[in-house]
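# A look at the structure
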Amino acid sequence: MTLLPQWLHNWLGLQYSEKRIPFPITLPLVKSTPAPVLNTLYQLQKHRSTQADDEQFLALLLKNLKQLNRHKTSVTRRAQYNHRLMGLFYPLAVVLAGQFSKDGGVPDSQRRAQLLDCMIAICAELVNSYGLIIEHYQQSSGFRYVRSLKKLDQAAFRLLELLKFKQTIKALRYQELSAKSWRMANSLVHILAANQRLYIVQKTLDQQYRSDQPMAMGRAVDVYLALQMVERLQLSYWPVQWQTWLIRSIGLGDLKIGLSQNASDVVSTQTSLVYCADTVPSRFVNTQQTGQIAPLILEWDQLQQIMISDLAQVIRSRRNGGGVSLSKHLSLFGPDEQLAIAQLQFQCFRDYPFRNSISIDQKREVPDLRIFIGFNEIFALLRHIDSGGGWKGIGRRMSDLLAKHSAVFSDDAAGSIESAWFLRHQDDNMICLSTLESRHTSEMHIGDLTAYMLEQSDWHQPRLGVIERILRPQSGQVYVEIQLISQHSTSVAIEVPEETLMNNQSDVRAGDKELIRAIRGISDNAIHMILPRGVSVPDNRNLIIHAKKGLENAQLGHIVSASKGCSVYALRPSIDKETTPLRVNSVVA
């Protein structure tokens, strides 16, 4: 065997094994499929002025991409097409994603759903097109491979950026990245790690295609780790308005995790393993088989410390006052929302390794289901029940939000759409329901206070919960998870304590006293006071409660939890022996 000089060895590309990691993509390329012609797209781009123009433009862009991915062409020409199509798509997609990040839930408007689904499909086609370029280079000889590394780096970086953008758009629809997407991402990060190309600096999509952005560079490893962080923080539990700030905080480097290629270098106590071509993001148990490529190691300690610190700082601030040092996305919100977000991100991070421990495979129809959404609707429902009213009265006086068909029935019977609800899971802490989504499905958002009755026997004793998660596993189908907060509830009103912050004016009065509508709930021998959004009461304040039987004394304890729709406080007997009620009033409507 002849020993070659090192420079010649490198020049020939012999340092790269001929048996390289394959990239998992297979598309039916047809030689007879013509190349797409983009003239019409450029004309539409010049004259776009309405929402209909945007829809037509994106639909035609998707059609051209599908044609490109059936067309057999050189990687150089494919890269040119990708660059041109990306320049047409990305600036508009960023604007639309920003518009749609202001609100989202169930149901999605037809325009919102169609545009976001079209954008997701375009991202998928672009990912496939860049994937074909990567596959080509992975199959080339060592001599050609070493001369194509820069092009491979660019294609790999763009593919990861597109997966990240796709993840962001899917989160606005309460969807998650597919197993196919994770297989691509995990294969690609192993390819780059094997070639020691993870830390190559590249121009980002924003820098390349948006003229209003400052100079921005990025690395493939940072984009991949952002994918993993967003996945672990489970955006299907987040209101869409909060998702944007979290993703931005990750992009700015405020939240971080580590990646190691060698187990002996790992000092983290919180780790997960990334296997090549795996269809799940990472695994928390070792499943390596003989002959399998060694996994990469994600180190979660730094992110865990930030999650714990944020929650501790917010709680400390509420109790003692004073300034706190929080993550960037938290510092932009008020005290109640800070607590809600800090609790949410900590719970999502902590519970992620056990996300599949709850089975939602059962499917039992619940024809008598009744659900009421929102604090005002539930307060009126409890008032009606407390006054001895029957179910027919509730039906006449209130909007039957989901009814047994999950629809608001129109006056025209032909316009009513029946969409049955199914119980997917139920335990002492939560229930999971599913249905087919339509424009008739009643409006729901994460964080909304909810009263639900599964059976007729529950109609006069609804359980209260908070909508914790919305998930669309596939188009048209929606899952809703509701976290139980109270098994028995009554409507009350409380006199406004000093130092109470109210963003909305109270419309409840008893004589000259201003009252706050509230709900008293009991769960597992604990008593809670549920206050509407916009009302923030300092902890440990004595209260005078206006209840059905008259006035009562109690002390508002610490805040237990907060969401976008309400705040839940502990409630305990008053320790102020001198406080005595002066009046007896029923709750004022």
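Quick note: structure is the one above.
Calculation rules
- Residues numbered from 1 in each chain as written.
- Predicted model: local features only at pLDDT ≥ 70, side-chain atom pairs only at ≥ 80, totals over all residues.
- Heavy atoms only, no water.
- Axes fitted to C-alpha atoms, helices over the stretch in contact; angles between N-to-C directions.
- Helix = DSSP H or I, 4+ residues; strand = E, 2+ residues; numbered from the N terminus.
- Parallel < 35°, antiparallel > 145°, perpendicular 65-115°, else oblique.
- Left-handed = near helix turned anticlockwise from the far one by under 90°.
- Contact = heavy atoms within 4.5 Å.
- Nonpolar A, V, L, I, M, F, W, Y, C, P; charged D, E, K, R; others polar.
- 1 Å grid on protein atoms, 1.4 Å probe; cavity = no way out; pocket = protein on both sides within 12 Å on 5 of 7 lines; lining within 4 Å.
- Points joined across faces, edges and corners; volume = space filled by probe spheres on them.
- Phe/Tyr/Trp six-rings, centres within 6.5 Å; stacked < 30°, edge-to-face > 60°.
- Buried < 20%, exposed > 50% of the residue type's maximum accessible area, 1.4 Å probe, protein only.
- Lys NZ or Arg CZ within 6 Å of the ring centre and 35° of its normal.
- Expected span 1.5 Å × (residues − 1).
- Core = buried A, V, L, I, M, F, W, Y, C linked by side-chain atoms within 4.5 Å.
- Salt bridge = Lys/Arg side-chain N within 4 Å of Asp/Glu carboxyl O.

Here helix α2 (residues 39–47) crosses helix α4 (residues 75–100) at 25°, and the two axes come no closer than 11 Å. Here α2 lies roughly parallel to α4, going by the angle between them. Judged by the twist between their axes, the crossing of α2 over α4 is left-handed. Along its contact with α2, which presents Leu-41, Tyr-42 and Gln-45, the element α4 presents Arg-84, Leu-85, Gly-87 and Leu-88. Its residues assigned to classes, the contact of α2 with α4 shows 4 nonpolar, 2 polar and 1 charged.

So, about empty space enclosed by the protein. Enumeration over the complete set of coordinates arrives at 1 cavity of 30 Å³ or more. What the largest cavity holds in volume is close to 30 Å³. Lining the largest cavity we find Cys-432, Arg-469, Leu-471, Tyr-479, Val-480 and Glu-481. Of all elements in the fold, only β11 (463–471) and β12 (477–486) reach the threshold of two or more residues within the lining of the largest cavity. Element by element, the count of residues in the lining of the largest cavity is highest for β12, at 3 residues. Tallied by class, residues from the lining of the largest cavity come to 4 nonpolar, no polar and 2 charged.

This next bit is on the packing of aromatic side chains. Throughout the structure, instances matching the rule amount to 6 aromatic pairs. Measuring from centroid to centroid gives 6.3 Å for Phe-89 and Phe-165, while their planes differ by 70°, and the two rings are edge-to-face. Taken together, the positions of Phe-89 in helix α4 and Phe-165 in helix α7 (residues 149–172) put the pair 76 residues apart, joining distant regions of the chain. Accessibility classification places Phe-89 together with Phe-165 in one group, the buried group. Following the ring pairs from residue to residue traces out a cluster consisting of Phe-89, Tyr-90 and Phe-165. Over the ring of Trp-300 we find Arg-232; its NZ or CZ atom is 4.8 Å from the centre of that ring. The ring of Phe-422 has Lys-363 sitting right over it, with the charged end atom 4.7 Å from the ring centre.

Moving on: helix α10 (residues 220–232). Taking 1.5 Å per residue as the helical rise, α10 with its 13 residues ought to reach 18 Å, and the 19 Å between its terminal C-alpha atoms agrees with that figure. Within α10, 12 of the 13 residues are buried, which leaves the element mostly enclosed by the surrounding structure. The set of residues buried in α10 consists of Ala-220, Val-221, Val-223, Tyr-224, Leu-225, Ala-226, Leu-227, Gln-228, Met-229, Val-230, Glu-231 and Arg-232. Phi turns positive one or two residues past the end of α10, at Gln-234, with a value near 50°.

Formed by 144 residues in total, the largest nonpolar core has its most connected members in Leu-58 and Phe-89. In terms of residue count, helix α5 (residues 110–138) provides more of this core than any other element does, 14 residues in total. Leave out the neighbours within four places in its chain, and Leu-58 touches Phe-89, Leu-92, Leu-96, Leu-115, Cys-118, Met-119 and Ile-122.

The residue Met-217 is located in strand β2 (residues 217–219) in this model. Met-217 sits in the partly exposed class, given a relative accessible area of 42%. Considering only alpha carbons, one finds Met-217 and Asp-206, 11 residues apart in sequence, at a separation of 9.1 Å.

Now for the pattern of salt bridges. Counted according to the given criterion, the structure contains 17 salt bridges. Of the charged contacts, one joins Asp-278 and Arg-283 as a salt bridge, the two residues approaching to 2.7 Å between their closest N and O atoms. Notably, a salt bridge pairs Glu-481 with Arg-469, separated by 3.4 Å at the nearest N-O pair. Placement of the pair is Glu-481 in strand β12 and Arg-469 in strand β11, with a sequence separation of 12 residues. Exposure remark for Glu-481: the relative accessible area of 9% places this residue in the buried category. Salt bridges sharing common partners tie together Asp-108, Arg-112, Asp-117, Arg-173, Glu-437 and Arg-472.

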